[in-house]
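# Residue-level structural notes
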Amino acid sequence: MVILKLFSFIHSSFIPMETAPKSYWKLTTAIIGAILVVAAGLGFWWWRNTPALPQPAGTMILVYTQKIKETATDARFWPTVQILRKVGTAEPEILAEVGKVGEYPISMELSPDKKSLLINLESKLQILDLATKQLKDLFIPKQQVVSFTYSPDKTQLFIWDQAFPAQDENDNYYAHRLTLATGQDEILTQGQSESSFYGSLWREDDKIIMGEARGEISALYFFDLSNNRLIKTPGDYNLELFSESGKAMTSINEIIENICNDFSLSQPSGYEIIDPVSGNVLDTISAAKRGVSVLAFSPDDSQILYQTEKPHTKQEDCDKTLDELFFIKTIGVDQAAPISDPIGILTQWDQSPDRATWQYNDQTRIWSILLDGQPVVTSTARLELMGQYEE
């Protein structure tokens, strides 16, 4: 799901606050804000509800990083990490080591065929062959790699290339299209902006959903490949949870008080469902005096699964789910249908929660990679899960 990719991006982007450039935190805070808005909408449903699901019989493969050192400069800390792979119950194997001064490992992503790992070091984009362990440069930006997004056919990357103004007075930006098979780099457009942008999803109609960092939120934009223009989506919308195709997106339009949300002391109680390119409103969902959490879009964008619940008014109830109800709604049709098996719907839609995750325990100061809720790798050094799949 998109939310999981966003969490992975921001976790891997973390820089100690005392050493981070101010403009870096402008972008980072905006992405955090987008995540928190979406997480509030989800109601942290994934974390509160972990029913036993039938698990496939394949071997689980986890790709993760472990920090081995950190180099301090006047500007920031520069981590060096090992990339490791754990296959089933076997001991982890080291695949590569990346990160040094001038090369910050900001994010990593498995290729769609699970044969390689793309590594964003800001000053370059590298690709690691998971079979041969060969690591090579794939792309060198003119400024910094902010984001990369796969084309729908997975043969190209859209790369947003922009320096952070507070770190570098050069405020130029470049939009690239990189052909993976040949390495051909095409600059689609270039310009200057004091705002920081990043790409999120490349739609089949060659519109790329973008965000503009604005403090705790990200304003909704898109890049049109038919004319190579960066365009603000009509209306006053922020980047939130969108469908797999990118043709539908939630937009909070009502809130209700909830004392258990430490970030805003509120939670969504209503949404507009919009097209993130045209800004057209496709539908609305709401619940009087109840919180609303959007869980997922159907693969064909025709339906939306959501839950409602009584808002929390007492601190002692914060770990409880209050009067939870689930609904499925066909977009554009007035009536929503109550359901009793949301996990069944998510399984049909191939959107079951990922089996693996990672966490840090503040009390023990131990990092863990978890599989089906159980630790399979632990360390006092920082661990981050970069990908998971089954064979």
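Residues numbered from 1 in each chain as written. Predicted model: local features only at pLDDT ≥ 70, side-chain atom pairs only at ≥ 80, totals over all residues. Heavy atoms only, no water.

### Quick notes on the overall build of the protein
Across its full length, the protein holds 4 helices and 26 strands. In the protein, which comprises 391 residues, the proportion classed as buried is 54%. Surface accessibility of the protein: about 18200 Å² in total, with carbon and sulfur atoms responsible for 48%. (Helix = DSSP H or I, 4+ residues; strand = E, 2+ residues; numbered from the N terminus. Buried < 20%, exposed > 50% of the residue type's maximum accessible area, 1.4 Å probe, protein only. Areas by Shrake-Rupley, 256 points an atom, 1.4 Å probe, with all protein chains shown as cover.)

### Observations concerning the sheet that holds strand β17 (residues 266–274)
The 3 strands lie next to each other as β16-β17-β18, forming an open sheet whose pairing is antiparallel. The two strands at the open ends of the sheet, each matched to only one other strand, are β16 (249–257) and β18 (281–286). Between one strand axis and the next, the sheet turns by 30 degrees as a mean value, whatever way the strands run. (Pairing = 2+ DSSP bridges. Axes fitted to C-alpha atoms, helices over the stretch in contact; angles between N-to-C directions.)

### Describing the pattern of salt bridges
A full pass over the atoms with the stated rule returns 15 salt bridges. A salt bridge links Arg-290 to Asp-323; its shortest N-O distance comes to 2.8 Å. Linking Arg-290 in the loop between β18 and β19 (291–297) with Asp-323 in the loop between β20 (303–309) and β21 (325–330), this pair joins segments that are 33 residues apart in sequence. Residue classification places Arg-290 among the buried residues on the basis of a relative accessible area of 14%. Between Glu-390 and Arg-355 there is a salt bridge, and its shortest N-O distance comes to 3.2 Å. Here Glu-390, found in strand β26 (residues 383–390), pairs with Arg-355, found in the loop between α4 (342–348) and β23 (356–361); they are 35 residues apart in sequence, far enough to count as distant. By relative accessible area, Glu-390 is classed as partly exposed at 30%. Owing to a relative accessible area of 17%, Arg-355 belongs among the buried residues under this scheme. The network of salt bridges with common partners includes Arg-85, Glu-93 and Lys-133. (Salt bridge = Lys/Arg side-chain N within 4 Å of Asp/Glu carboxyl O.)

### Observations concerning unusual backbone geometry
For residues besides glycine, phi is generally negative; the peptide bonds are generally trans as well. Even without glycine at this site, Glu-122 takes up a positive phi of about 65 degrees. Following the sequence through the fold, Glu-122 ends up in the loop between β5 (116–120) and β6 (125–129). The backbone phi angle of Asp-372 is positive, close to 55 degrees, even though this residue is not glycine. Along the chain, Asp-372 turns up in the loop between β24 (366–371) and β25 (374–379). Here Asp-372 falls in the partly exposed class, since its relative accessible area comes to 38%.

### What about the confidence of the model for the protein?
In the predicted model, the protein carries a mean pLDDT of 86, and 84% of its residues have values of at least 70. Counted against residues more than four places away or in other chains, residues 1–26, with its pLDDT under 50, gives 67 contacts. Here residues 35–54 is a poorly scored stretch, pLDDT under 50, and it has 50 contacts once near neighbours within four places are set aside; other chains count. (pLDDT = per-residue confidence, 0-100. Contact = heavy atoms within 4.5 Å.)

### A look at the environment of Val-294
Here Val-294 lies in strand β19. Through-space distance from the C-alpha of Val-294 to that of Gln-307 is 6.5 Å; in sequence the pair is 13 residues apart.

### Regarding the environment of Leu-110
Among the secondary structure elements, Leu-110 is positioned in strand β4 (residues 107–110). A relative accessible area of 11% places Leu-110 in the buried class. Leu-110 sits 277 residues away from Gly-387 along the chain, and the two C-alpha atoms are 6.0 Å apart. Beyond its immediate stretch of four places on either side in the chain, Leu-110 contacts Val-63, Ser-116, Leu-117, Leu-130, Tyr-150, Gly-387, Gln-388 and Tyr-389.

### Side note on the sheet that holds β25
Across the sheet, 3 strands lie side by side as β23-β24-β25; this open sheet has antiparallel pairing. Unpaired on one side and paired on the other, β23 and β25 mark the two borders of the sheet. Pairs of neighbouring strands in the sheet enclose a mean axial angle of 25 degrees, with direction left out of account. Of the pairings in the sheet, the one linking β23 to β24 comprises 6 bridges and is antiparallel in character. Across the sheet, Gln-359 pairs through a bridge with Ser-368, a residue of β24.

### Some points on the state of the cysteines
Within the structure shown, the criterion is met by 1 disulfide. Covalent S-S linkage joins Cys-260 and Cys-318, the inter-sulfur distance amounting to 1.9 Å. Looking along the S-S bond of the Cys-260-Cys-318 disulfide, the torsion reads about -85 degrees, which is the left-handed sense. Taken together, the residues span a long stretch of sequence, with Cys-260 in the loop between β16 and β17 and Cys-318 in the loop between β20 and β21 at a distance of 58 residues. (Disulfide = S-S within 2.5 Å.)

### Points about the environment of Glu-122
Exposure remark for Glu-122: the relative accessible area of 4% places this residue in the buried category. Along the sequence, Glu-122 and Ser-107 sit 15 residues apart, while their C-alpha atoms lie 8.9 Å from each other. Among the polar contacts made by the side chain of Glu-122, one reaches the side chain of Arg-76 at a distance of 2.9 Å. (Polar contact = N/O pair within 3.5 Å; in protein donor to acceptor, adjacent residues only side chain to side chain.)

### Re the packing of aromatic side chains
Taken as a whole, this structure holds 9 aromatic pairs when the rule is applied. A ring pair is formed by Trp-160 and Tyr-173, whose centres lie 5.0 Å apart and whose planes are at 20 degrees; its orientation type is stacked. Residue Trp-160 is found in strand β9 (residues 156–162), and its partner Tyr-173 is found in strand β10 (residues 172–179); the two are separated by 13 residues along the sequence. For the pair formed by Trp-160 and Tyr-173, the shared burial category is buried. Site record: aromatic cluster; members linked through ring pairs are Phe-158, Trp-160, Tyr-173, Phe-197, Tyr-221 and Phe-223. It is Lys-142 that lies over the ring of Tyr-174; its NZ or CZ is 5.9 Å from the centre. (Phe/Tyr/Trp six-rings, centres within 6.5 Å; stacked < 30°, edge-to-face > 60°. Lys NZ or Arg CZ within 6 Å of the ring centre and 35° of its normal.)

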